[in-house]
Amino acid sequence: MCELYRKQDTLALRRKHIAPSCKVFFAADPIKIVRAQGQYMFDEKGEQYLDCINNVAHEVVKAAQKQMELLNTNSRFLHDNIVEYAKRLSATLPDRLSVCYFTNSGSEANDLALRLARQFRDHQDVITLDHAYHGHLSSLIEISPYKFQKGKDVKKEFVHVAPAPDTYRGKYREDHTDPASAYADEVKKIIDEAHNSGRKIAAFIAESMQSCGGQIIPPAGYFQKVAEYVHGAGGVFIADEVQVGFGRVGTHFWSFQMFGEDFVPDIVTMGKPMGNGHPVACVVTTKEIAEAFSSSGMEYFNTYGGNPVSSAVGLAILDVIENEDLQGNATRVGNYLTKLLNKQKAKHALIGDIRGVGLFIGIDLVKDHQERTPATAEAQHIIYKMKEKRVLLSADGPHRNVLKIKPPMCFTEEDAKFMVDQLDEILTGLEEAVGAKTESVISENTPCRTKMPEEAHSELLSDGSPDPKENPSRKRNGLCTDKHSLLSKRLKT
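Fair warning: this is a prediction, and the values are worked out from it, not measured in the lab.

1. Re the packing of aromatic side chains
(1) Moving on: What the rule picks out here adds up to 17 aromatic pairs.
(2) Moving on: Between Tyr-101 and Phe-293, the ring centres sit 6.0 Å apart and the planes meet at 85°, which makes this aromatic pair edge-to-face. Linking Tyr-101 in strand β4 (residues 99-103) with Phe-293 in helix α9 (residues 287-294), this pair joins segments that are 192 residues apart in sequence.
(3) Moving on: By relative accessible area, which is 6% here, Phe-293 ends up buried.
(4) Moving on: Measuring from ring centre to ring centre gives 5.0 Å for Tyr-172 and Tyr-183, while their planes differ by 80°; the resulting arrangement is edge-to-face. Linking Tyr-172 in the loop between β6 (159-162) and α7 (179-196) with Tyr-183 in helix α7, this pair joins segments that are 11 residues apart in sequence. There is no split in this pair, since Tyr-172 and Tyr-183 are both buried.
(5) Moving on: Taken together, the ring pairs in this structure connect Phe-204, Tyr-222, Phe-223, Phe-237, Phe-256, Phe-259 and Phe-263 into an aromatic cluster.
(6) Moving on: We note Arg-76 situated over the ring of Phe-301; from NZ or CZ to the ring centre the distance is 4.2 Å.

What follows is the structure in C-alpha cells.
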C-alpha cells in the first residue's frame, strides 16, 4: 500500500497543516483511501468500498504519462492537442456553441462565464436558483445561495434568487397543471422587478440538474421559457454542466440536451469528470459572445488552461466514454437502479421520492409522506450505516435529507443491486427499531411517520442536525471539499 504515515498520524498532520474549513468525509470516523480501481476504493487495510458518490472520475492515465514525457508548457504556445480537444468537444454540442476557453477548474469556468455574460451587453445582474452552488471563488459564492444563505455573507444587490424548480417539495408541485410555466414566470417576475429598479440582467445561471439543491430535475419546458424571458431582457443563459455533463444522464452527452433540441444555452461550463481528477475545465460559447468579450481589448489567457497534458487527458477521456460505452452504461444501469429504488419506495415509509436520470439519482427521505417532513437525522444515520457496509453515499439538499447517488460511470447492475440490498437492510432495521410498519405505502396522502432510534442520536446533535464538524450541507459533493485524498489516485493502471 502507498502510505507515508499511519492513519492517526495522517489525521494529526491534517489537523495541523490543512485548513479547518477543508472537511473530510465521515468526520466522526474518516476513511483513509490509498488506491482505487473503477468504482471501488481501498483503505490502508485493503478494505474495499463501493463508491456511489464520486462523480468526478473517468478512468485514464497512459495519455497523461505519454504527453508528460514529451512536453507540458504554457498554453500560449501553438500545439495540436488544444485545438483537437476543442474540435472534439464542440462536436458534442449544438453547432452554435463552438468557441472554447480552457481553465483549470469548474469554479474558474463559471467565473469566466460570468465575465463573458457581463461583457456581452454591459449588464451586471445575475439570476440564480435557490439552493444553487456554482463554485468557491468570491464571484461564485455571491451567486450561490447554498453558500451565502448559510454564512455571514448577505445577498448582493445585483443577485436575484429564483425558486428552484422542485416539483416534489417546491412552491409548485407535481399536482400543478403547468409547473414549468409557473416556475419560469417567477423568473419573469424577477426580471420585471429588476427593470423597474433600473437594473439590467446579464445572465441566468443554473445547473442543468441541480445537485446540491437535492438532485432536482426541472420540469420539461422550464428552461425554454426561462431562456425566452432572459433573452428578452438582453441577458444570456449559462448552463452549468460541471457536475452533470459528459454522458451522466445516459440519453445525452450533456444534461441540458435532454430538455429538447429547441433549448440551447448561450454558455456552457464544464469540469470535474472532464479530467478524472486532473485539473481541466472549459467554457464553451457562441462566436458572438466571444467576439464581444474580445472587443473589450483585454486579453484572456490562462497559463495552464488547456495545456498539452491536460488536453491529452481530456481527449483520452472522450475516447474512454465512447469506447467503453459509458453513456449507454449510465442509461442501462441507471434505469435498473431506479427500478430497484422504486421498489424500496413502495416498501419503506422513510422514502418519499425517487428522482433522477441515468447515474444521477436522489432519494428524498421523509418522516411524514403527507407533510413531506425532511428526515435529516435519519439520512445522516443511514450514511454512516452504509459506510459500515462498505458503501459510500452522501446526503445533500437544503434539508440534508436527500441521499445522492452519483457513482463513477463504470458502475454496474451488480453494484446497484448490492447497494440497494444494503440500503434495504438498514431501512428495515431503522424502521423496526422505531416500530414503523414496512408494508407497502398505501398512498402518498397517507401519513407515515417515523422517529429516530435512540442509538442514532449519538451521532447527531440534539436538534437533529449533523455534527458541525461534519456539516455536509457546505460541500459540493455532499460531505467533503477535500478532493485530494479521495480523487488523486482514481486512475486506471
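2. Re the sheet that holds strand β2 (residues 40-43)
(1) Moving on: Across the sheet, 4 strands lie side by side as β1-β2-β3-β14; this open sheet has mixed pairing. Here the strands that pair on one side only, and so sit at the sheet edges, are β1 (33-37) and β14 (391-392).
(2) Moving on: Pairing between strand β3 (residues 48-51) and β14: 2 bridges, direction parallel. Bridged to Leu-50 within β14 is Val-391.

3. A short note on the nonpolar core
(1) Moving on: Counting 95 residues, the largest nonpolar core has Phe-204, Tyr-222, Met-270, Leu-341, Leu-403 and Met-419 as the members making the most contacts within it.
(2) Moving on: A domain split of this core shows at least three residues from each of domain 1 (7-52 + 326-437) and domain 2 (60-324).
(3) Moving on: Excluding anything up to four places from it in sequence, Leu-341 contacts Ile-354, Ile-361, Ile-363, Ile-405, Met-419, Val-420 and Leu-423.
(4) Moving on: Residues Leu-116, Phe-120, Leu-140 and Ala-292 belong to the second largest nonpolar core, which totals 24 residues.

4. Looking at the side chain of Glu-186
(1) Moving on: Mapped onto the elements of the fold, Glu-186 is located in helix α7.
(2) Moving on: Glu-186 gets classed as buried once you look at its relative accessible area, which sits at 9%.
(3) Moving on: Of the polar contacts made by the side chain of Glu-186, one reaches the side chain of Lys-171; its length is 2.8 Å.
(4) Moving on: If sequence neighbours within four positions are ignored, Glu-186 has contacts with Pro-163, Lys-171 and Tyr-172.

5. Describing a nonpolar patch on the surface
(1) Moving on: Nonpolar side chains collect at one region of the surface, where Leu-4, Tyr-5 and Leu-13 lie side by side and expose about 330 Å² of accessible area between them.
(2) Moving on: The residue Tyr-5 is located in the segment before α1 (7-17) in this model.

6. Quick notes on the side chain of Asp-43
(1) Moving on: Mapped onto the elements of the fold, Asp-43 is located in strand β2.
(2) Moving on: In this structure, Asp-43 is buried with no salt-bridge partner, the nearest side chain bearing the opposite charge being Arg-390 at 5.4 Å.
(3) Moving on: Here Lys-45 takes part through its backbone nitrogen, which lies 2.9 Å from a polar atom of the side chain of Asp-43.
(4) Moving on: One polar contact links the side chain of Asp-43 to the main-chain amide nitrogen of Glu-47, over a distance of 2.8 Å.

7. Looking at the packing of helix α11 (residues 326-347) against helix α13 (residues 413-433)
(1) Moving on: Close contact between α11 and α13 brings their axes to 9 Å; oriented N to C, the two are set at 15°. Considered as vectors, α11 and α13 are oriented roughly parallel to each other. The crossing of α11 and α13 is right-handed. Along its contact with α11, which presents Arg-332, Val-333, Tyr-336, Leu-337, Leu-340, Leu-341, Gln-344 and Lys-347, the element α13 presents Glu-413, Ala-416, Lys-417, Met-419, Val-420, Leu-423, Asp-424 and Thr-428.
(2) Moving on: Residues belonging to the contact of α11 with α13 are distributed by class as follows: 9 nonpolar, 2 polar and 5 charged.

Quick notes on the rules
- Residues numbered from 1 in each chain as written.
- Predicted model: local features only at pLDDT ≥ 70, side-chain atom pairs only at ≥ 80, totals over all residues.
- Heavy atoms only, no water.
- Phe/Tyr/Trp six-rings, centres within 6.5 Å; stacked < 30°, edge-to-face > 60°.
- Helix = DSSP H or I, 4+ residues; strand = E, 2+ residues; numbered from the N terminus.
- Buried < 20%, exposed > 50% of the residue type's maximum accessible area, 1.4 Å probe, protein only.
- Lys NZ or Arg CZ within 6 Å of the ring centre and 35° of its normal.
- Pairing = 2+ DSSP bridges.
- Core = buried A, V, L, I, M, F, W, Y, C linked by side-chain atoms within 4.5 Å.
- Domains from an automatic or database assignment.
- Contact = heavy atoms within 4.5 Å.
- Polar contact = N/O pair within 3.5 Å; in protein donor to acceptor, adjacent residues only side chain to side chain.
- Patch = residues over 30% accessible without salt bridge, like charges linked within 9 Å, V, L, I, M, F, W, Y side chains within 5 Å.
- Areas by Shrake-Rupley, 256 points an atom, 1.4 Å probe, with all protein chains shown as cover.
- Salt bridge = Lys/Arg side-chain N within 4 Å of Asp/Glu carboxyl O.
- Lys, Arg positive; Asp, Glu negative; His and termini not counted.
- Axes fitted to C-alpha atoms, helices over the stretch in contact; angles between N-to-C directions.
- Parallel < 35°, antiparallel > 145°, perpendicular 65-115°, else oblique.
- Left-handed = near helix turned anticlockwise from the far one by under 90°.
- Nonpolar A, V, L, I, M, F, W, Y, C, P; charged D, E, K, R; others polar.

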